[in-house]
Amino acid sequence: MNDEAIHAALDRYPTWQEGKVGGSRTGTGSAAFIWRAVGYLIEQGELDPFARDTAAAETAVGRFAAALTDAPDISRNLQEVGNALSYWRDRMRASDDSGYRVTLTKGAIDNAYLPLRRLSDSPFPADMLGDDQGDKPGRVAEFDTDTGWRFRSDVRSSNKQSGRLRTRMGPYYKVIQPRPGDSVRIDLQPDGSYRLRHDKQAGRGTTSPASAFDQGYAALRSRFLAAYPDFAGFPGDPRYRDQERIYKDEMIALYRTLVLAPLSQRHWSEAGAGLLKFLRMPLRSTRKPQNVVGWRYVDVIDRLGEQGRSGLAEALADLLDGDADVSGRVDAFIARWKAHAGKGQKLLPAAQRSIVGLCLALAFPDRHIFLKTSELRRALRLLDPGFDWTRAGLAGVDVVRVDGLVRRVFERLQDEGWMPADRVDAQGFLWVAISQSTDTEQEDDDNDDVDDAEAVLSTEPLNQILFGPPGTGKTFATIDRALAILDPGFSGSREAMKQKFDAHVASGQVRFVTFHQSFGYEDFVEGIRAGTNDVTGQIEYRIEDGVFKQVCAAAEQRVVQAAAEGIDLAGRRVWKISLGQAGVEEGVYEDCIAQGLALIGFGGDADLGDVESREDILRRLREADPAQGTLDYPVTALNTFIRRVQVGDLFVVTEGNLKFRAIGVVTSGYLHVPREDDSYSQGRRVKWLRVYETGVPYQELMENRFSQMTLYELRPGSINMDKLAALLAAEESRDANAPRVLIIDEINRGNVSRIFGELITLIEPSKRAGMPEQLEVTLPYSKKRFSVPGNVYLIGTMNTADRSLASLDIALRRRFSFVEMPPRPELLQGREIEGVDLERLLTVINQRIEALLDRDHCIGHACLMPLGRGASLDALAEVFRSQIIPLLQEYFFEDWQRIHWVLNDHRKTSDAHRFVLPSPPDAGLFGVEADGVPERMLWRLNPEAFGRAESYIGIIEAAQG
C-alpha cells in the first residue's frame, strides 16, 4: 500500500474529538493524526491496545509517522498515544459483551488447546498462572462448558502475555466443531468457576482476498523493518547482504557447478552425486551446509543409492527443462522420484517440498523460491488466510500458488523502491519478517504441521522429567508419553495401550533403565568390561556400549544397501558369521559386500570343493600344512560353512560381539576363491539383503550378545525372529529415522553428573546431530566421535519425596522439560467404603501434609486406586497399615505428634478411633534420682482403629469440625 492509500485509510479512524476522551487540545492536527494512526496500527495487528508498555507504542507510532510522507510532526503530542490506547481498550471491552474472548487458530483446534491472549486483562487471578515447564504450577479451577462437559485446569503461561489451558480441549471441540476464527468466551461465575461458550465467527469468509493480501503485506513489512529499521534497499544494506544474500549467491553458484553443469551434458550419475555433495558440503561463507533441506531429507537422497540418484537426476533435467508447464513438471518429477525410491522408503511431504523448491529456486532464482513447509506457510497465510499445502505431498498446484503470491510480494518490494534483484530477495524478505513472529504464533503453526517429520518428532519434548510424590502415576504415565512420541494418533483402552507399548519394547524402540547410586558412566555411555573369550577361554578386556549409546546407535542406523523385495523366513536357518576381524581386516568385509561373497579364513588356499566329511576336511588341511597345531575349531567351522549351511540360509555379519552390520541370503554352494593378500579363500555367494552404514546394537536382533566364534547357528531363544522379520520386511514397518525412547526411572537417585558426563551438553535439542549448532565429542574409551541423534527421546521420572537424594543438577534441570504429576484425588470420585469417601479422605490428608511439611511429600492416589467399588474395610486398613502410615513415618522423621495431627487423632473423641495413641512414660522408669531425662510422650499404633470406619471418617470430619 502506498502512502496516498494509507492516508486515505487513516481517515476511517476516529480522532480524539470523536472518541470524546479528554486530552490535550494543542496541536490539533498532530493529535488527530496520532488517534487515527493508533486505530490503523491496531487493526493492522502492529499495536496491542492491552499492552502496558506505552513507551513501546509511542515508538511504533513515531516510526510509522516518520516513514509516511506528508505526516505531521507528532513529537510534542506523543502523550496522546496513551489516551488513544485507553479509548480503544474501552471500545473493545464494550464490544466484547463483558466476557473474555479467545479467537481460535487452526493449530489450537487441531491440537486441542485453548490459546489465551492478554493474560494481564483476563479473568484469571495471578495465583492461577503456571508455566510450561511445571516449575511454577498454578492453582487449579473448575471449568464448565455450554456442552455440559466439566473439567479442572490451571493456566500454563508460554510467555508473559499469553498462555493456554493446560487440559486438552478435545472432548469440547468434538462437540462444537469450531473453525479458525471462531471464538470461545470465558466468564467468571459467582461460585468461582469459569463458563466457556462457543461463538461462531460472524460473516465467515467476508474479507476479500485483496484486502487480506494488503493487510498481510503490511504486517510482514512492519516485521521486516523491525529487524532492519534503517533499511534503504536490498542492494545497499550491508546487514541484509551479509545475513541473507551472500550465502544464497554461493549456493546458486555451487549448484550450477555440481548439478546443472553435468545435467546439461546428460551425465546423470555425476549430477546425482553432485546433488548429494551439494546438500552436505559446508559453504565457505557460513562454514556449515546449506540450511534449506534438513538432514533427515538429505538422508532420503542418500538412501536412493547411486543408481537411484542417477535416475533422479534424469527426472530433474525434465523438471528444469521440460515441455509441460511447471505444475505438470512438478507432478511428473514427484512420481518418478517415488518410483526410484521404491517401496521401502517414505517420501514425507516436507521432504518433497524442500528438495523440489531448492532445485527450482537455485536453477531459476528469478521465478521460484525455497519451499520450507512451516516458515513459508506462516508467511503466506498472512497474505492468503486460506493457503495450505496439499496434505498428501507436494503438488504442482502448490508451486503455482506460491509463485503467484511471491510474484505479488516482489512487485510490492519494487513499488517500495527497495530494488529486489530476484525472488531470492523476496524470499529473504519473507524469512526475515516471519522470524519476528511471536512465540505463540510459531507454536500454533508447528503444532499444525503434522505432515512434517520434524514437527511430528517435536510434538513431545525431546527431554522431559515427570516429577511428583510417590504413588502419583509417574511410571504409569511413561507409557502414555512414549506412545505420544511413537504413535501420536493411537488411542484405545488402557489394555490396548499397554499392548502397543509392549510391542515397542519388544521391537527395541523403547528401552528402560533405573538409576541408582552404583549406576555410572560406564553403564550409561561406555566402559571397559572384563570377559572370557569364547574360543580361547582367556580373560580379555573390551569396550562395551552403555544403554544410552546403544539407543543412539539404533536410532541412527542407516541402510546403505537393501534388497527391494522381502523374504519368507520359514524353513531357513540363521548363522552368525564374522567376515574378517572387525577394525583390523576391514578390507575382507568390504570385498565381501562389494562382490556378493561370504569368506572365512580357515584352510589357507586349499580347495575344499570335493570334501564329503569332517574327516576329509581335517586330512586336506594336514596335507596342506603338516606343521599346523590343533585344528579342532578350524575344521568345525569349515565343516559348518561347507556342508551344514544350505542355499537359502541367512548370514548375520557381526562387528565384534555387540553389533551386526549386514544380513544376507546364501545363494550358492562352496566356492574356492584364491586371494593374494590374505588366506580368506573359502567362500559362498551371498545376496546382501541389508547392509548398514554403522554397526547396529545386538539388541535390535538378539536376546543376548553374539559369541566371538567365527561361525555358528543362531537358534530360537538367542535370536528374535520377529525382529529379524521386521528388519527384512519389503515395506519396513518402522522408518529408519523412527523415534527411540529411553525411559529413566528414578533419574534423581543416581549421580547425574557422573552418569551423563560430557553428554549433558549433547542432549540439548539445539546440540543434537543435524541441528545448526550440533556438537560431537570424542568418547574417552573408544576414542570415537559421538553425537546424540535428533530422534532419541528421554523420559525421566523423579520422586520428590525421597529425602536421601541430593538436589538435581542445575545443568540437567535446564535441559529437561519438567511435568508435574500431583496426586489426583478426583480419580477416586464416587468410591466409598462403609461411608468413607476416598476422594475426600486423600484430599484432607494431603492438605494437612502440605500445611505441616510441603507439597512434595503428599500421598499419591495410586495406593487407593485398587480399592474399587465394593472393596472391604479390611482392604482399606491394609493400605493404611502397610503404605500410608509407613510413608508418614518416613516423611516426618518419626515425629509422631505430627502424624497424630495429620490423622486428626487429637480431635477424635474415642481412643478406639485413634490410629496413634500417646502416653507418658512410667514415672518409675528412671526414678527420681535421674536428672535431665527429657520429657516426651511415648507413641504406639492402635491396631483396633484400623478396623473401624469411624477412624477414617474422623480424618475427614476434622476438616469440617
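Now for a look at the structure at hand. (Residues numbered from 1 in each chain as written. Predicted model: local features only at pLDDT ≥ 70, side-chain atom pairs only at ≥ 80, totals over all residues. Heavy atoms only, no water.)

What follows covers the pattern of salt bridges. Considering all chains together, one arrives at 39 salt bridges under this definition. Arg619 is paired through a salt bridge with Asp616; the nearest N and O atoms lie 2.9 Å apart. In this pair, Arg619 and Asp616 are both assigned in helix 25 (residues 614-624), 3 residues apart and thus about one turn of the helix distant. For Arg619, a relative accessible area of 44% corresponds to the partly exposed category. (Salt bridge = Lys/Arg side-chain N within 4 Å of Asp/Glu carboxyl O. Helix = DSSP H or I, 4+ residues; strand = E, 2+ residues; numbered from the N terminus. Buried < 20%, exposed > 50% of the residue type's maximum accessible area, 1.4 Å probe, protein only.)

At Asp70, a residue that is not glycine, the phi angle is positive and equals roughly 65°. Mapping Asp70 onto the fold places it in the loop between helix 4 (54-67) and helix 5 (80-95). Owing to a relative accessible area of 73%, Asp70 belongs among the exposed residues under this scheme. For Asn904, which is not a glycine, the phi torsion comes out positive at approximately 60°.

Here the focus is the sheet that holds strand 11 (residues 510-514). Strands in a sheet are paired, the pairing made by backbone hydrogen bonds, and the direction either parallel or antiparallel. A sheet is described by the order of its strands in space; here 5 strands give the open sequence 11-21-24-10-25, paired in parallel fashion. Single-partner strands in this sheet number two, and they are strand 11 and strand 25 (817-820). On average, each strand axis in the sheet is inclined to that of its neighbour by 20°, with strand direction left out of account. As paired strands, strand 10 (residues 463-468) and strand 24 (residues 792-799) are joined by 6 bridges and run parallel to one another. Among the inter-strand pairings, Gly468 is bridged to a residue of strand 24, identified as Asn799. The strands touched by helix 20 (residues 474-486) are strand 10, strand 11, strand 21 (740-745), strand 24 and strand 25; relative to strand 24, the strand with the most contacts, the crossing angle is about 165°. (Pairing = 2+ DSSP bridges. Axes fitted to C-alpha atoms, helices over the stretch in contact; angles between N-to-C directions. Contact = heavy atoms within 4.5 Å.)

Burial within strand 18 (residues 659-672) is extensive, with 10 of its 14 residues counted as buried. Examined bridge by bridge, strand 17 (residues 650-655) and strand 18 share 6 bridges and lie antiparallel to one another. When the bridges of strand 18 are listed, Val653 appears paired with Ala662. Linking strand 17 to strand 18, which pair antiparallel, is a turn of 3 residues; within it Gly656 sits at a positive phi near 70°.

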